[in-house]
Structures are given as structure tokens and as C-alpha cells.
Amino acid sequence: MTKIDVLFTNANVLTLDKNNSRATSVAVSNGKIFGIWNEPEPPSNVLHTTEQTKVIDLKGATLMPSFIDTHNHILMYGLLRDQVNCSTPPNESIANITEAIGQKTEETPAGEWIRGYGFDDTLIDEKRHITRDDLDAVSPNHPVMISHISGHLAAVNSLALQYAGLDDKAPDPVSGGHFGRDQKGSLNGVLYEPGAMEPVYNVLPQKTVEQMTADLKNVSNEYVAQGITTNSDAKVSSLDELEVHLRAAQTGANPMRARLMISNDLLRQEGPFGNYTAAQLDRMISEQSNGNARLDSAKMFQDGSIQGLTGALREPYYQHPDIDGDLIHEQESFQEEVLDLHRRGFRVTTHGNGDRAIGSILAAYEYALEKFPMRDHRHRIEHVQTGQPEDLKKMAKLQVAGSFFINHVYYWGDRHEQIFLGPERARRISPLAEAAQHNLLFTLHSDCPVTPISPLFSVWSAVNRTTRNGKLLGPEQRIDVVTALKAMTIYGAALNFEEEHTGSIEIGKQADFTILEADPTTVHPDEIKDITIQATFINGQSVYENKNLITS
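Our subject in this report is the structure included herewith. (Residues numbered from 1 in each chain as written. Predicted model: local features only at pLDDT ≥ 70, side-chain atom pairs only at ≥ 80, totals over all residues. Heavy atoms only, no water.)

## Details of the packing of aromatic side chains
For the structure shown, the criterion picks out 13 aromatic pairs. With a centroid separation of 6.0 Å and 90° between ring planes, the pair formed by Phe 404 and Phe 442 is classed as edge-to-face. With a gap of 38 residues between them, Phe 404 in strand S20 (residues 401-404) and Phe 442 in strand S21 (residues 442-444) connect regions that are remote in the sequence. Accessibility expressed as a relative area gives 0% for Phe 404, which makes it buried. Here Phe 442 falls in the buried class, since its relative accessible area comes to 2%. Aromatic pair Tyr 410 and Phe 457: ring centres 5.4 Å apart, planes at 80°, arrangement edge-to-face. Taken together, the residues span a long stretch of sequence, with Tyr 410 in helix H13 (residues 408-420) and Phe 457 in helix H16 (residues 455-464) at a distance of 47 residues. Judged by relative accessible area, which is 12%, Phe 457 ranks as buried. Grouping aromatic residues by their ring pairs yields a cluster made of Phe 405, Tyr 410, Tyr 411, Trp 412, Phe 457 and Trp 460. In this arrangement the basic side chain of Arg 81 is found over the ring face of Tyr 77, its NZ or CZ atom lying 5.1 Å from the centre. (Phe/Tyr/Trp six-rings, centres within 6.5 Å; stacked < 30°, edge-to-face > 60°. Helix = DSSP H or I, 4+ residues; strand = E, 2+ residues; numbered from the N terminus. Buried < 20%, exposed > 50% of the residue type's maximum accessible area, 1.4 Å probe, protein only. Lys NZ or Arg CZ within 6 Å of the ring centre and 35° of its normal.)

## Some words on the side chain of Thr 9
Note that Thr 9 resides in strand S1 (residues 6-9). With near-sequence residues (within four places) excluded, Thr 9 lies in contact with Thr 24, Ser 25, Pro 40, Glu 41, Val 55, Ile 56, Asp 57, Leu 58 and Lys 59. (Contact = heavy atoms within 4.5 Å.)

Set out below in C-alpha cells:
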């Protein structure tokens, strides 16, 4: 008889299979699900337990497939740990932030960089961006760079501009984005989009691979504590970053299954992987990580952030009628780059917040598919924040998947309604109900560190659509709890081409589980985000325990 390694008894099992079956006991053998029963304890004559079998009595706790977060920036999150927190809360004003920067200068040798993160101009009292003048006043002898909460803007002081070789005559970058300027046309220290931030990033001191691997290890522990066992880093933009992921996966510093979106810059003809097919790069990543990391996709961007006014909209911004955002790539060259990646077998993942950008991305995907037809490509659009009905219909027609940044509803829904999009467009951000109606393959994601990592929070947001101020935003776009859970489990597995191996509790699949203190399908919807994660398992092995599980 098959040797059973782990046996879960007296459980409330949410299998999330096609029939949404439930069970009460599950057995694991050799890292795979061996048996599922509707009895609290399976009959003794159907399986072979030994003294080495770990029997876990869940006493009614909920066992479900572990979570799959299909879009976040885990390595970036790890690198923030030694930076100044410029978020709101705790900061309420620019004065609070500059005070924190000033304190950091006192403990930092002159000339060394000071970094900050999380600044949000729409939440602080002044309702404006930090400028070089604000930062110069408290840090004239240290170069300073503060990242915006969106990840699409930054603020720097004069010394940082000097180090980067930027002066008032600097032209806006041709690769997208622009430099903020005052009324006299002088640089004010605000940098919009990667093209404008690149000169500063190029002179920032870099951590070693060893240091970054340690940072990744630390935050990986936070992820498994949230029940996540498969995770996609949404932009690997350098060879060092790739090396960090491979090393962390190989050594177990990151115990999760790592999926990597490789920046299109690395995949262009002049890049280090310019001659690789997707299959070749995936094989290299797998071989150098003991199979624990895999290629997710080629990552591209076609606009910026709604909050930063750089998301490309078809109609102007609500409170800024002279601004409609920016497309990063000219359409013809964008389409040709997508076609090249598509021909080489890459699943293409493209960031699109504004509806004009979403339309542009779909046109590029359609172009590639017409030139080089391919079944089951699973090309993706990331965030899909302002997708219109015609966009979702075209996604369905082209079989393009969507990874929705549902946390936008809570964190920015009020400001989308009042500042950026206006009431009509704001109520349909992240249109999940429409996505379900069109049978789109879609997932939910956190975009951590833009918002905290928490799959149950994303499920809560999809089910409730409650804003930070307590408003119900677009109730017609809510989805039911089971669909939301599937969007963080089996749909994520399908997005990763892994639905035959993980994402639901079915015999033969990987024994990747999370144990919840309560059943998210039966608690009041408002309580979903507060359910405690009791434990997380990968291949039937415990990688996190919040409470001592009863074993025998």
C-alpha cells in the first residue's frame, strides 16, 4: 500500500474543483494529494499509515488550496526595508516626511544616498508632490530619492539631479515619461515614469546579490504567512535580479514556487537574452533553480499610473481636463516588438491601467495573432483598471487573460471618483463581474509593495468593493466568494499553465494548502479579510504555522 506522509482529519475542505466539492479529510503521499474523503477520518482499510505519518486534526478549521499571487514585486518589497517610510499613514504632511528625511541624514555620512518610499500626494495635507526645494531644505549634502506609492513617479533633491547629470536644459526622455518643471521651466525634482527616473537609478548604489537574496528571504516568510505558495515577480529587470531569484529558489531562501516576468529590455535583440526562445529561457531558469523557478512571461508596459496622471485614458482626467495620460510606445513599434516575442514563444504580459492603453495592447496582441496564429497563448493584461465593455469583449474574442489589481477599489476608489476618473468611470474600475460574464481567465493581485500582501484582502475587496471611506463602489461589479477564491487559486494556476498540477484539491495534484481559522464562504463578507491563516504547506511540508497544529 502507498505510504501516507500527512493525513488531515476533521477538516472543512474547500477543494475549489469544477464542482466546488467539499470534503472532511485529505491524505498526502510523496508531496501529492493521495486521497480525499467525506468522512472526518478515512476508513483504515483504504490507506496505510505508519508511525511516521503526521496526522493533523484540524478540529473543523478550513483546508483549501494555497494562494497564487500572479502579480507583485517581491524583490522590490524586500529592498525597501532600510528605506524611510514616507507613506500616509503615518505621515500626514510634507513636513512629516521631510522631518523623517532630516533625521535620516543625521545618521548617514554626507554624500551617501537616502531613499524613501510610499509617498502619496493625494493623501497628505498639501495635496501636491514633494519637490527638490522641500528636500534641499533638510538634505543639502545627501542625494535623496523618494518613490511614489504608485511606483511610477519619484521625487529627488538637487544633489540627486546633479549626480544623475540632469539640469534645467535636460530634454524629456524619448522612452516615455517626463521631468516635472516649475513655472520658470526649471526642474522641480519630480520624475514621471521610468524614462525620467532612469538617469537617477543609473547612479544609485546597488546592493550585492548576497544582500538582495537575504532581503528576498525575509519577505518570502511574510508571503507564506499569508498562505501564498506560488508567486510571480512582475518585473525582473536586470541580470543581478534574475540571479537573486535563481539563488533564492535554488537554496530555499524563497520556499515558494517562483514565477518570473522578464523585462522586455532583456529580451530585445541587443539584450542578454535576445536570441533566446521562451522554451530556452524557461529551461535555463528551471535548471539553475532546481526546478523551483520558471519563466512567467515577457513583461512590457504601455502606460503608467492613474494616480500619477500617466495612465493613458480615452477621455481626460476628471479634475485635470487638459491631461489624458501617455502611451509609452508608438503603436507600430510596439506591435512589432510584441510580434517578435510572440513568434519566439513568449507569453506577453503588458501593464495597462488606462482604457486607451488597454485598447493599444489589444490591438498589438491582435496584430501578432493575425501574423502568427497560436492557440492557447494566454497573453495577459496587467491591472485592467479602466477596461471598458468593448475592451473586455475583445479580450474574450482574443482569449487574452486579465490580472486585476482589485485592491485599487479600497485604496484609491474614493480619489478615483473625486479626482482622477469621476463617478461614472470610477464605479467600474476592475470590472470583475463583466470579466466573469465574458468567461475571461482572470486573477486578482496585490501589486505589493503598492498595497500590502494579503490574498484574503483581495478576495474581500472583490466581494465587497468597499472604499477606504466606506463607500460601496460599483456594486454591480462584485463577484461571489467562491469565484474570488478561485481567482486567487485555480485561475492563477491556469494563468501559469499549471492547472493540471495545482490550484485545487484533487487527487494527484501538488499538496499545496493553506489552513484558515474560518470558512470564507460562510462568514459575513465583511469578515473575510480578517480570517487568520493558521498554516501553509508546500508539497505536504509545513512552511508556516501560526498556531500549533495538533498532531499524532
